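Residues per chain are reported as follows:
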Amino acid sequence: MNDPSPQKLQKPQKIEPTQTLFENFFEFSPDAMVVTDEDGRITNVNSQVERAFGYTRAELLGLRVETLMPERFRAAHPSYRGSYSAHPSVRPMGTGLELHGRRKDGTEFPVDIMLSPVEIAGGQIFLSVIRDVSERKRAEEALLQSEQQLRMSKEQTERELRQLIDAIPQQVFVFGADWTPLFANRRELEYTGLTPHEAQSKDAVARIFHPEDLKKLEVLRERALAIAAPFEMEARIRGRDGQYRWFLIRDNPLRDEQGRVLRWYGTRTDIEDRKRAEERVRQRREELRQLIDAIPQQVFVFDADWTPLFANQRELEYTGLTPHEAQSKDAVARIFHPEDLKQLEGLRERVLSEGTPFEMEARIRGTDGQYRWFLIRDNPLRDEQGGVLRWYGTRTDIEDRKRAEQALRKAQADLAHVTRIMTMGELAASIAHEVNQPISGIVINGNTCLRWLAGDSPNLDEAREAARRIVRDGKRAGDVIARIRALASKTVTAKGRLDMNDAIQEVVALVRDEMRRSGVTLWTEFADDLSPVLGDRVQLQQVVLNLVMNGVQAMSTVEERPRELVVRTQNDEADQVRVTVRDSGIGLDPEKMERIYDAFYTTKHGGMGMGLSISRSIVQDHGGRLWAAANDGPGTTFHFTVAKQH
Amino acid sequence: MPEPDAIVLVVDDDVSVREALGGLIRSVGLKVETFASAQEFLAHPRTDAPGCLVLDMRLPDLSGLDLQKRLAGIDLDIPIVFITGHGDVPTAVQAMKAGALEFLTKPFADRDLLDAIRRAIKRDRAARRHQAKISELHARYQSLTPREREVMERVVSGLLNKQIAAELGKSVITVKAHRGQVMHKMQAGSLADLVRMSEMLGIRRAK
């Protein structure tokens, strides 16, 4: 607007020094100055008036001063002027009023006006100093407005805070230092059903806290007050429905500069659901623990290096170890059978690097000092890199199973023995023949020898030859008897390195006469490079004998083709030696193929039906299998495999 | 003509028994040849000498009885002494019916076997002699003319010369001459001699 910036000022004119100073002062005053006479006519104005009001000096001279006022004030002004003239003084005009100037273009602007009477010869003139206060007014207004806004926002904040406090899902309190409630949010009232009056009473807690928790609260409050420290507790608070729920109580003190408590700010948070969840977890954990203690196994958790971290009750009960002993790393050394301990340590060492599960059977000593067999199983828990973090282990008592297995094994051995004896019974004539042959030879040779020695000129060479044959045949008879005794004996299973060709050859020798009697030609096709197997000679011979006898039986009614039995050995794939016995008999009914291994199933007249059942058990016990297949031509071929010895 | 030495043939697949028998038979001064199977025996060229066969009843492939049958089939007449580990009666009967000379069950006394062998050889010798005689007679018979054979048939049937002459439509004199030739060629000393010869030759009067 009319900014009185210096550069816009007119340059001072050269005038008389005294005169000039005053004139300059008037002319270049930063305020607008108007000089009026007693009648209110303008007699002089300075340049600021020209600029502020938009008139030229010439236009204003002689005009009434009201010209510079808004029209609405013009009518009243001459009377004010009159009263001022009567009591002239230097004072602001229109004290307490808002004064406005009016520009030539009709626009208005706020002004402050100072009035000052000047005595001159012949009367009085008035000097009005007019200052444009637009800027100041605007600043004042702005200030006012901001003050108002501040006030409004403060109220809103308070309202919002209040709403917030009421809205938060906690009960919020302010207490006095002695826990007199000063404030409680709406939620407190809603939950407890207390009236605001009740809620503000000091015994409010006594009404709503569970008696057990109330006592604790009081103790805690006392202590908190004494040390002016926050406290926290969990307590049951009764709701309006009469049901208690768990809350987390938290009170924080507000202290003065001396550290004295002025206020307590408190919250109560509903933790009922969390509590219930916790309780469920606790219950479940307890159940799990009981379950772990109840299961009929010993259960362990080990560290990666097999330091026991946990052992269930059953472990302690069985071993009689104290929990402390059970948790020591040498616990196994105390209770494992020395032989098995070595194996366990070897296994643990091996699987530790591989991180693979392992399984073994071991004897563990119980409280009674007796060892029982257990099945040990450990499984690793591994981290993402595959490193072992934990071992989870179980030990299952398999003593009874072991005993049953042993009993079963013995029963099977007995049964095998019985059937072997029975088969040998069938072979009695053949076996007798095998013994009889060398004995016949011995008798004849003996007589022959005596003949050569008799008379006047004995033939010693021939006699020696006969004696040599006696020795040979005697040995042969002895061998046959030894084999028969071995087959008939009731030895316990004893596996060893075994050449199947030899074993089969011995069987073939025993059945040779049986073959002749049955009109069967027996061929052997033995692999020269047959690998040795790990087996029980007698049991495997029993299998061969059984298959050979079955083959002979299968061919007993065959008349129209040769009765041929071929026993073959070969190295099979997968570290097995295979023995096949092929006959040219009547073959097996495919429907019966499945049943032939059943105990007491027989197609033979007078047979007991144990042969194949036992043969299969024996073969399986040797890590092999036994099966039959129909030949392309007539007859059946039985195969069985035995694991090679390594 | 002196007879060649007897040879005992032994067939037994059991080496103990086979060699023992060989030794035993040799110890009494007899020649012996041993075979482990019937096939081996059949494949071996036969020496023309008296003897006998000591045969194990139960042999692989071809049994003793089978071999006996086979030998009968090719008219190889040799006395057989069966030996067996199992003296089952039906087999023994079968063997004896088929002409076996002896059936011994192991273990047997060596004397029994040797006696049986000696008997068998003796029988073989006799049989061979008998066979030789028949062969001789047969050769003589073959030297007769057809007319002479007609006359011989009638002579040994007991017909008189007159009856023969009538049957053949010849004169009695002619018949007499033929009869003389027959007696001479057959080397028969008497009518009884000729009758015995004709019996051995199995000559019957054709009707």
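Residues numbered from 1 in each chain as written. Chains lettered and ligands numbered in written order. Predicted model: local features only at pLDDT ≥ 70, side-chain atom pairs only at ≥ 80, totals over all residues.

(A) How the structure looks around the overall build of chain B. Counting secondary structure elements, chain B contains 9 helices and 5 strands. Helices and strands appear in chain B in the N-to-C order β-α-β-α-β-α-β-α-β-α-α-α-α-α. Put simply, chain B has 207 residues, and 35% of those count as buried. Taking the intrachain contacts of chain B between residues at least 6 apart in sequence as the baseline, contacts between residues at least 24 apart amount to 62%. (Helix = DSSP H or I, 4+ residues; strand = E, 2+ residues; numbered from the N terminus. Buried ≥ 20, exposed ≤ 12 C-beta atoms within 10 Å, placed from the backbone. Contact = placed C-beta atoms within 7 Å.)

(B) Structural view of the interface of chain A and chain B. Contacts between chain A and chain B engage 24 residues on the former and 17 residues on the latter. Counting only elements with at least two residues in the side of chain A that touches chain B, the list comes to helix 17 (428–453), helix 18 (460–488) and helix 19 (500–517) of chain A. Of the residues assigned to the side of chain A that touches chain B, the class counts are 7 nonpolar, 9 polar and 8 charged. (Nonpolar A, V, L, I, M, F, W, Y, C, P; charged D, E, K, R; others polar.)

(C) Region of interest: unusual backbone geometry. Positive phi outside glycine occurs at A:Ala574, with the angle close to 60°. Tracing the sequence through the fold places A:Ala574 in the loop between strand 20 (563–572) and strand 21 (576–583). Here the phi dihedral of B:Gln187 falls at roughly 55°; this positive angle occurs in a residue that is not glycine. Turning to its location among the elements, B:Gln187 is positioned in the loop between helix 8 (172–185) and helix 9 (191–201).

(D) Inspection of the sheet that holds strand 7 (residues 170–176) of chain A at higher detail. All names here are of chain A. Strand order across the open sheet formed by 5 strands is 8-7-11-10-9, with antiparallel pairing between neighbours. Two strands in the sheet have a free side with no partner beyond their single neighbour: strand 8 (181–184) and strand 9 (231–238). Averaged over neighbouring strand pairs, the angle between their axes works out to 25° when direction is ignored. As paired elements, strand 7 and strand 11 (residues 261–270) share 7 bridges and run antiparallel to each other. Looking at the pairing, Gln170 lines up with Thr269 of strand 11. (Pairing = 2+ DSSP bridges. Axes fitted to C-alpha atoms, helices over the stretch in contact; angles between N-to-C directions.)

(E) Just the packing of helix 6 (residues 146–156) of chain B against helix 8 of chain B, in detail. Residue and element names in this part refer to chain B. Here helix 6 crosses helix 8 at 90°, and the two axes come no closer than 9 Å. As judged from the angle between their axes, helix 6 and helix 8 are roughly perpendicular. Contacts from Arg147, Glu148, Val151, Met152 and Val155 of helix 6 reach helix 8 at Val175, His178, Arg179, Gln181 and Val182. Partitioned by chemical class, the residues of the contact of helix 6 with helix 8 number 5 nonpolar, 2 polar and 3 charged. (Parallel < 35°, antiparallel > 145°, perpendicular 65-115°, else oblique.)

(F) Looking closely at the nonpolar core. Within the largest apolar cluster, 37 residues are counted, with the highest numbers of intra-cluster contacts made by A:Met500, A:Val507, A:Val544 and A:Val548. Listing elements by their share of this core, those giving two or more residues are helix 16 (399–426), helix 19, strand 18 (520–525), helix 20 (537–554), strand 20, strand 21, helix 22 (611–621) and strand 23 (636–643) of chain A. Take this core: its biggest share by element is 9 residues, from helix 20 of chain A. Apart from residues no more than four positions distant in its own chain, A:Val548 is found in contact with A:Val507, A:Val511, A:Leu565, A:Val567 and A:Val581. B:Ile25, B:Leu55, B:Ile117 and B:Ala120 belong to the second largest nonpolar core, which has 35 residues in total. (Core = buried A, V, L, I, M, F, W, Y, C linked by C-beta atoms within 7 Å.)

(G) Just helix 17 of chain A, in detail. For helix 17 of chain A, with 26 residues, the first-to-last C-alpha span of 37 Å sits near the 38 Å given by 1.5 Å per residue. Phi turns positive, to about 90°, at A:Gly455, one or two residues after helix 17 of chain A. (Expected span 1.5 Å × (residues − 1).)

(H) Spotlight on the pairing of strand 10 (residues 244–255) of chain A. All names here are of chain A. Pairing between strand 9 and strand 10: 8 bridges, direction antiparallel. Its bridge partner lying in strand 10, Ile237 is registered against Arg245. Here strand 9 hands over to strand 10 after 5 residues, with Gly242 in that stretch at a positive phi of 85°. Of the pairings in the sheet, the one linking strand 10 to strand 11 comprises 9 bridges and is antiparallel in character. If you follow Arg250 over to strand 11, its bridge partner there is Thr267.

(I) Looking closely at the sheet that holds strand 18 of chain A. Residue and element names in this part refer to chain A. The strand order 18-20-21-23-22 describes an open sheet built from 5 strands, whose pairing is mixed. Because the sheet does not close on itself, it has two edges, and the strands there are strand 18 and strand 22 (626–630). Within the sheet, the average angular offset between the axes of one strand and its neighbour, ignoring direction, is 15°. Taken together, the 6 bridges between strand 18 and strand 20 define a ladder with parallel strand orientation.

(J) Highlighting the packing of helix 18 of chain A against helix 1 (residues 15–27) of chain B. Look at helix 18 of chain A against helix 1 of chain B: their axes get within 11 Å of each other, and the N-to-C directions meet at 160°. Here helix 1 of chain B runs roughly antiparallel to helix 18 of chain A, going by the angle between their axes. Where helix 18 of chain A crosses over helix 1 of chain B, the two elements pack in a sense that is left-handed. Two secondary-structure elements touch here, helix 18 of chain A through A:Glu462, A:Glu465, A:Ala466, A:Arg469, A:Asp473 and A:Arg476 and helix 1 of chain B through B:Ser16, B:Glu19, B:Ala20, B:Gly23 and B:Ser27. (Left-handed = near helix turned anticlockwise from the far one by under 90°.)

(K) Here's a closer look at helix 10 (residues 211–227) of chain A. All names here are of chain A. In this model helix 10 runs 25 Å from its N-terminal to its C-terminal C-alpha over 17 residues, within 8% of the 24 Å that 1.5 Å per residue would give. For helix 10, the set of buried residues is Asp213, Leu217 and Ala224. Seen from one end, helix 10 has its buried residues packed into an arc of 45°, which puts them on one side. Among the exposed residues of helix 10, those oriented more than 90 degrees off its buried face are Pro211, Glu212, Lys215, Val219, Glu222, Arg223 and Ala226. Contact partners of the buried residues in helix 10: helix 9 (204–208), strand 9 and strand 10. (Arc of directions from axis to C-beta.)

All we've got here are geometric facts, nothing functional implied.
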